[in-house]
Amino acid sequence: MSTDCSSQLVDRVGRDLLEDGFATVTAPSLLLEQILGVFGEGRQFFARPEAHKSRLAWPTLLEGHRSLGIEYSQRPDRPDLNESFSVWPRNQRHPEIARASAEEGLHRQMNALTAPYVELVDAIFRALIREMHTHAPPISFLDASYLQVNYYRPETHNRDFLQDAHEDGHLLTVLKPSAPGLEVGSRGAFQPLDVGEDELLVFPGSILTLMTGGRIQPLQHRVRNHRRLTERLSLMFFVNPTLETEIEPWVVNEMNRGISIRERVNANSGLFGLPTISEVFSHETS
């Protein structure tokens, strides 16, 4: 299931998503180098005092640092055991955030990753559309998509899972972990999934299920606590279609007929203790 995106980009990813429910992509060396740079900057940032990290937090915009305990996978009383740092390309027009991006290494490194991730995801969508033999137009997704790095300290927690089983409420997630712990499930049975040192994992959320009329189901996943690890990082590109207009599914059937995908994209953002996308966007002009 591994595809080299430097060779005809990601022609096999569409088939893998349809057949297996996820895919791996061999990252070009330059992209991998940039990701490792984010991990290095992340280790430095998350080791800093809370007072410093809180100065780089814009919670109403879902930008910057979020402390442990804010997000959850299933229930508010079982928060995810990680801190995080998020970067939205659309937020760079805010002068304060633009200054932070210029001054803070983690912010700057994550911003530099936006363009290569957009190129990769655009190629993935084109491959998937070809594989489904549909003539759907390309998806506009940059406006509502963002990068997030999670930081875990496994050895400091007693829980078996740092994140409980869940599906991402996005269209697609492109993930790169720094250490073991990821498990994926089908019909309630979970198994560890090792992502190679030069690989990225690509998997669907519930919005892709709606777009494909149920042909691709969201991938259930969780993060097991390997207590021997002092730290674990995970970089995700969360892909959402733009909310400017209604979103037409690639396949229309009884599964998605009459459902507003635009409204579902917006609502899904609020399922894990975070504001909805429309709430985030409303603060830009408030």
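Up top is the structure these notes are about.
Residues numbered from 1 in each chain as written. Predicted model: local features only at pLDDT ≥ 70, side-chain atom pairs only at ≥ 80, totals over all residues. Heavy atoms only, no water.

Visitor: Help me out: how do you make sense of the nonpolar core in this one?
Guide: Nonpolar side chains tend to gather and get buried jointly when the protein is soluble and globular. By size, the foremost hydrophobic cluster in this structure holds 75 residues, and its most contacted members are F85, M110, Y117, F125, M211, L235 and W250. Ignoring anything within four residues of it in the chain, the contact list for L235 reads I35, V38, F39, M110, L113, Y117, L147, Q148, V149, V174, L175 and K176. (Core = buried A, V, L, I, M, F, W, Y, C linked by side-chain atoms within 4.5 Å. Buried < 20%, exposed > 50% of the residue type's maximum accessible area, 1.4 Å probe, protein only. Contact = heavy atoms within 4.5 Å.)

Visitor: Is there a simple way to think about the environment of P177 in this case?
Guide: The topology assignment puts P177 in strand 8 (residues 172-177). When its relative accessible area of 11% is taken as the criterion, P177 is described as buried. The residues contacting P177, other than those within four sequence positions of it, are F39, V195, R232, L233 and S234. (Helix = DSSP H or I, 4+ residues; strand = E, 2+ residues; numbered from the N terminus.)

Visitor: Looking at this model, I keep getting lost on the environment of S101. Mind explaining?
Guide: Following the sequence through the fold, S101 ends up in helix 4 (residues 95-103). Spatially, the C-alpha atom of S101 lies 36 Å from that of D16, the residues being 85 residues apart in sequence. Sequence-distant contacts of S101, that is, excluding residues within four places in its chain, are made with Q92, H107, R108 and N111. Within the structure, S101 has its side chain in polar contact with the side chain of H107 (distance 3.3 Å). (Polar contact = N/O pair within 3.5 Å; in protein donor to acceptor, adjacent residues only side chain to side chain.)

Visitor: Any chance you could explain the packing of aromatic side chains here in plain terms?
Guide: Two descriptors summarise a pair of aromatic rings, namely the distance from one centre to the other and the angle between the planes of the rings. Under the defined criterion, the tally for this structure stands at nine aromatic pairs. When the centroid spacing of 6.3 Å and the interplanar angle of 80° are considered together, the rings of W88 and F281 count as edge-to-face. Of the two residues, W88 sits in the loop between strand 5 (83-87) and helix 4 while F281 sits in helix 9 (residues 277-282), which places them 193 residues apart along the sequence. Just as W88 is buried, F281 falls in that class too. Measuring from ring centre to ring centre gives 5.4 Å for Y117 and F237, while their planes differ by 40°; the resulting arrangement is tilted. With Y117 in helix 6 (residues 114-131) and F237 in strand 13 (residues 232-239), this residue pair connects regions lying 120 residues apart in the sequence. Residue Y117 is classed as buried on the basis of its relative accessible area of 0%. For F237, a relative accessible area of 1% gives the class buried. Ring pairing ties together the aromatic residues F45, F46, F85 and Y151, which thus form one cluster. Taking the ring centre of F281 as reference, the NZ or CZ of R90 above it sits at 3.6 Å. Over the face of the ring belonging to F190 we find R222, whose NZ or CZ atom lies 4.1 Å from the ring centre. (Phe/Tyr/Trp six-rings, centres within 6.5 Å; stacked < 30°, edge-to-face > 60°. Lys NZ or Arg CZ within 6 Å of the ring centre and 35° of its normal.)

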